[in-house]
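These are the residues of each chain, in order.
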Amino acid sequence: MCARFATRAMNDWLNKLPQPSRRAYAFGLLCVVSFALLLRVGVTAVFVGLNSPPDLEAQPDQEYYEKIAHSLAVGAGYTLSVENPKPTALVAPGTSLTILPMYLIFGRSYLMARLWFCIVSALACLGVALTVRQLAGRAVALAAAAVMAVYPNHFYNAMHFTTETPYVFYMSLALALSVAALRRQLILLSIAGGCLWGAAALTRPQIVLVIPLALVCVLAGWRSESRWMLVRTWAIQSALVALMLLPWLIRNHVVIGQPVISTNAGHTLFHSHNELIFNDPAYRPYRGTWLPDFDKLKQLYPIEGTTELERDRAARQHALNSIRRNLDKMPALVWAKFLKFIGPVHDSPNFPVKIAFTLGWSFVGIFSIVGLCLLWKQDPQMAVFIVLPIVATLVTCLLFHAESRYRDSASAAFVALAGIGVSWAVAQSFSVVSARLSGTKMKC
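Residues numbered from 1 in each chain as written. Predicted model: local features only at pLDDT ≥ 70, side-chain atom pairs only at ≥ 80, totals over all residues. Heavy atoms only, no water.

## Overview of the confidence of the model for the protein chain
Per-residue confidence for the protein chain averages 89 on the pLDDT scale, and 94% of its residues sit at or above 70. Mean pLDDT values over the elements of the protein chain span from 39, in helix α1 (residues 2–5), up to 96, in helix α5 (residues 94–106). Contacts of residues 1–8 to residues separated by more than four positions or lying in other chains number nine contacts, the stretch itself having pLDDT below 50. (pLDDT = per-residue confidence, 0-100. Helix = DSSP H or I, 4+ residues; strand = E, 2+ residues; numbered from the N terminus. Contact = heavy atoms within 4.5 Å.)

## Here's the deal with the pattern of salt bridges
With the rule as written, the count across this model stands at ten salt bridges. Where lysine 67 meets glutamate 63, a salt bridge forms, and the shortest distance between an N and an O atom there is 2.8 Å. With a gap of four residues between them, lysine 67 and glutamate 63 both fall in helix α4 (residues 62–73), about one helical turn apart. Here glutamate 63 falls in the partly exposed class, since its relative accessible area comes to 26%. Across the salt bridge formed by glutamate 164 and arginine 204, the nearest N and O atoms sit 3.1 Å from each other. Taken together, the residues span a long stretch of sequence, with glutamate 164 in helix α9 (residues 164–184) and arginine 204 in the loop between α10 (187–203) and α11 (210–220) at a distance of 40 residues. On the basis of relative accessible area, glutamate 164 is assigned to the buried category, the value being 2%. A cluster of three or more residues bridged by salt bridges with shared partners is formed by Asp61, Glu164, Arg204 and Arg405. (Salt bridge = Lys/Arg side-chain N within 4 Å of Asp/Glu carboxyl O. Buried < 20%, exposed > 50% of the residue type's maximum accessible area, 1.4 Å probe, protein only.)

## A short note on α11
Structurally, the α-helix is built with 3.6 residues per turn, so residues lying three or four positions apart point the same way. Every buried residue of α11 is accounted for by Val210, Ala214 and Val218. The buried residues of α11 occupy one face: seen down the axis, they fall within an arc of 70 degrees. Opposite the packed face of α11, turned more than 90 degrees from it, sit the exposed residues Val216, Leu219 and Ala220. Against the buried residues of α11 lie α12 (227–255) and α19 (380–399). (Arc of directions from axis to C-beta.)

## Some remarks on the nonpolar core
In terms of nonpolar packing, the biggest core is built from 88 residues, with Val128, Val132, Leu175, Trp197, Ile207, Val364 and Ile386 touching the most fellow members. Apart from residues no more than four positions distant in its own chain, isoleucine 386 is found in contact with Thr131, Leu135, Leu175, Val179, Leu375, Ala413 and Leu417. (Core = buried A, V, L, I, M, F, W, Y, C linked by side-chain atoms within 4.5 Å.)

## Observations concerning the side chain of threonine 396
Of note, threonine 396 is situated in helix α19. Looking at threonine 396, its side chain comes within polar contact range of the main-chain oxygen of alanine 392, at 2.9 Å. (Polar contact = N/O pair within 3.5 Å; in protein donor to acceptor, adjacent residues only side chain to side chain.)

## Comments concerning the packing of helix α3 (residues 22–47) against helix α7 (residues 138–150)
Between α3 and α7, the shortest axis-to-axis distance is 9 Å and the interhelical angle comes to 5 degrees. The orientation of α3 with respect to α7, classified from their angle, is roughly parallel. Facing α3, whose interface residues are Arg22, Tyr25, Gly28, Leu29, Val32, Phe35, Ala36, Leu39 and Arg40, α7 presents Arg138, Ala141, Leu142, Ala145, Ala146, Met148, Ala149 and Val150. When grouped by side-chain class, the residues that make up the contact of α3 with α7 number 13 nonpolar, one polar and three charged. (Axes fitted to C-alpha atoms, helices over the stretch in contact; angles between N-to-C directions. Parallel < 35°, antiparallel > 145°, perpendicular 65-115°, else oblique. Nonpolar A, V, L, I, M, F, W, Y, C, P; charged D, E, K, R; others polar.)

Encoded structure:
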């Protein structure tokens, strides 16, 4: 497939697309972001309610982020309960810190917090456009932003106080600034990009895997003329990610007793690596993802401990023991995780959501492959860079478990590539239509 798409250089088909002027591009981008915002506000108002508390049946995790934001706003600290404030490190702080400004300004206003999440989600379209604009021009950037605006796998998350919305926003801008830093070789852009990667890491720590992955890529391309620029950019941004994570790690070392990013990692591993997952045919559908039957797990594996850290260690130990006993089944489980990661069908009891997510991912997934092949032909270095967050997300899912929401957390990178692929398809269609019209005129 790559060979077929790469037979023609990117610039050839880009020249077939009508390129908007700077003013038209800015106006078009404003229209796309405005439409994205209206869409997200409308969906939130219809399906959740703009002034409603978190819908825990739809997304149970959002309870933690919203409560912690409220606790921080009233001065109770990083805790799940204002009435009984006990320090927690159950989740990373990025999502709660994103909600926090609204609660500091307006009090515990669900309305303002939800509107803020809609704005953040819509602005991710801007981040995608800024990334693609540097890779393939204004027309393709508008196409990518439009795809991001209507991508249900992204805008759905704006309805809930979960990690996906702020994480995708930070990643989209981090990609744009990092591409600019690599292209223009400006230290200030590297610093700004590093800060946004740090914000993404505080929201979903999985992105720290990009650091060793990027280092491997830098070393692999050591003979290139741009190696020192790549090393400098990698060093600056890696250092900034570490510096932004450091206060959180120090706080947890002092308060929790260990410099952990989260006290939930052991439970996450345990719910996807246990005897029921490995050996019970009744739980075969959950292989590759996590087991929601908490009561059954508690019966088989009592988790003891007086603190979050002790309970998380116990859960991790149960998971590791199960893995040791079932090493021969691990390859099949890893393969199941991979299939869950790439699988088009979204597992949801809500049929309209299931159809929307399935069609959305099928479209973006296919065209992101096309876009990757085209970008690789034009600029392999940038193609690798855009793919790195996707690879980091995949590695995380292979280590723990896979869900469509985890894959969609890398939608900023997927949609950037898909925008290139969609634009290529449009350019080819224009070419075919023009050729046929020209042939008809010659016959006439």
